[in-house]
Amino acid sequence: KKAYFERVCNTLINELGDRCELRLTVQTNGVLIDREWVELLAKFSFSVGMSFDGDAEAHNRTRINRKGRGTYAESERGWRMLLDAAHAGRMPVPGVLCVVAPGQSGRQMFRHFIDNLNVRNIDFLLPDVTHNSLSATRKFVEQCGDYLIEVCEEWFSRADPGLRVRFIRDITKPLLARLDESIPAVLHPEVRLFTVSSNGDLGPDDSYRPLAMRFRDTGYNIARHRYADLQTSEFYQEMMQATTALPDACDGCVWRGICRGGEKKHRFSIRNGFENRSVYCSALYR
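Chemist: Hey, could you run me through the environment of Met213 in this one?
Modeler: With respect to the helices, strands and loops of the structure, Met213 is situated in helix H8 (residues 213-216). Along the chain, Met213 and Asp55 lie 158 residues apart, while their C-alpha atoms are 36 Å from each other.

Written out as structure tokens, the structure reads:
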């Protein structure tokens, strides 16, 4: 609820504002955005990410309400309200997250976001699958690669440096670092993202929770443990190992320093943990 949301924001600012650089962000599908929400988000200078699954046809296939109806129109209305507030200088410009859908045209989706919704900051996320996922077939992986290649080609064709695509930036930054040694190539950043659940339980990024029980029920809680405790935990050590050391299967690959093994969760299997190539290895290579 809005009143509770506002109290939480005030508490975070009052308790943490003079201790650290506090950044407030929220990810939303935009369906419930109204003038009051825009006022709240602007008041606390929120960075807002909008979740779209593509154009209206693609979005309405997967983002449906309780009556089974697509929600693209509601999401677009919320997006334009946020964009208007940003253009008026009241809040940061919002960005878009879109999950790659195998079989769809990355070029078509990119054009829709840029030309129809006036998006300037966007990222395309590979679906969260592991080596144990039945959906992660060779065709599935190759179609995801096709999608991202089309996005890259469209982005390059526009030659617009103000149009930011995060996954492309993450590829080009270490490539440029190898050309200019004054730019450090941070290939394996430290694990620094944690989830605090509503009951105070502590764990890794939410997207790791479905991988295995050890990432879901860690036994750590914000009322009883400190950051130093987390650093000695088994789940933290396992994730640090996966972050700082690539699997043996990556040895000898010319692109290992660019893709950095891909997302850790895409390397996971029940048998070997993170000691596998990414499910998307062939797509990333392309």
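Chemist: Please clarify how the pattern of salt bridges should be interpreted in this entry.
Modeler: Between side chains of opposite charge, pairing is possible as soon as their charged atoms come close. Overall, the coordinates contain 22 salt bridges when judged by the stated rule. Glu153 serves as the salt-bridge partner of Arg107, at 2.6 Å between the closest nitrogen and oxygen. Placement of the pair is Arg107 in helix H5 (residues 106-116) and Glu153 in helix H6 (residues 138-158), with a sequence separation of 46 residues. The class for Arg107 is partly exposed, based on a relative accessible area of 24%. Within the structure, one salt-bridge network assembled from shared partners comprises Arg107, Arg111, Asp115, Glu150, Glu153, Glu154 and Arg158.

Chemist: Help me out: how do you make sense of the nonpolar core in this one?
Modeler: Across soluble globular proteins, you tend to see nonpolar side chains buried next to one another. By size, the foremost hydrophobic cluster in this structure holds 48 residues, and its most contacted members are Phe113 and Phe124. For this core, the secondary structure elements donating two or more residues are helix H2 (35-43), strand E2 (47-51), helix H4 (72-87), strand E3 (95-99), H5, strand E4 (121-125), H6 and helix H7 (166-179). Of all the elements, H6 adds the most residues to this core, at seven residues. Dropping the residues within four chain positions of it, Phe124 is found in contact with Cys98, Val100, Phe110, Phe113, Tyr147, Leu148, Val151, Val165 and Phe167. By size, the runner-up hydrophobic cluster in this structure holds 15 residues, among which are Val191, Ala212, Tyr220 and Phe235.

Chemist: Even after reading the chapter, I still don't get the confidence of the model for the protein chain, so can you show me in this structure?
Modeler: When pLDDT drops low, the exact placement of atoms in the prediction is not to be read closely. For the protein chain, per-residue confidence averages 92 on the pLDDT scale, and 95% of positions sit at 70 or higher. A low-confidence stretch, residues 182-188 stays under pLDDT 50, and its non-local contacts, those more than four residues away or across chains, total 11 contacts.

Chemist: What's the story with the layout of surface pockets in this structure? I'm lost.
Modeler: Leftover empty space is mapped by rolling, across the atoms, a probe with the size of a water molecule. Its boundaries defined by the atoms lining it, the second largest pocket holds a volume of some 200 Å³. As for the second largest pocket, its lining consists of 13 residues, of which Cys250, Cys253, Cys259, Cys281 and Tyr285 are closest to the centre. Of all the elements in the fold, those that place two or more residues in the lining of the second largest pocket are helix H11 (256-259) and helix H12 (281-285). At three residues, the largest contribution of residues to the lining of the second largest pocket is made by H12. In terms of residue class, the lining of the second largest pocket is built from eight nonpolar, two polar and three charged.

What counts, and where the lines are drawn
Residues numbered from 1 in each chain as written. Predicted model: local features only at pLDDT ≥ 70, side-chain atom pairs only at ≥ 80, totals over all residues. Heavy atoms only, no water. Helix = DSSP H or I, 4+ residues; strand = E, 2+ residues; numbered from the N terminus. Salt bridge = Lys/Arg side-chain N within 4 Å of Asp/Glu carboxyl O. Buried < 20%, exposed > 50% of the residue type's maximum accessible area, 1.4 Å probe, protein only. Core = buried A, V, L, I, M, F, W, Y, C linked by side-chain atoms within 4.5 Å. Contact = heavy atoms within 4.5 Å. pLDDT = per-residue confidence, 0-100. 1 Å grid on protein atoms, 1.4 Å probe; cavity = no way out; pocket = protein on both sides within 12 Å on 5 of 7 lines; lining within 4 Å. Points joined across faces, edges and corners; volume = space filled by probe spheres on them. Nonpolar A, V, L, I, M, F, W, Y, C, P; charged D, E, K, R; others polar.

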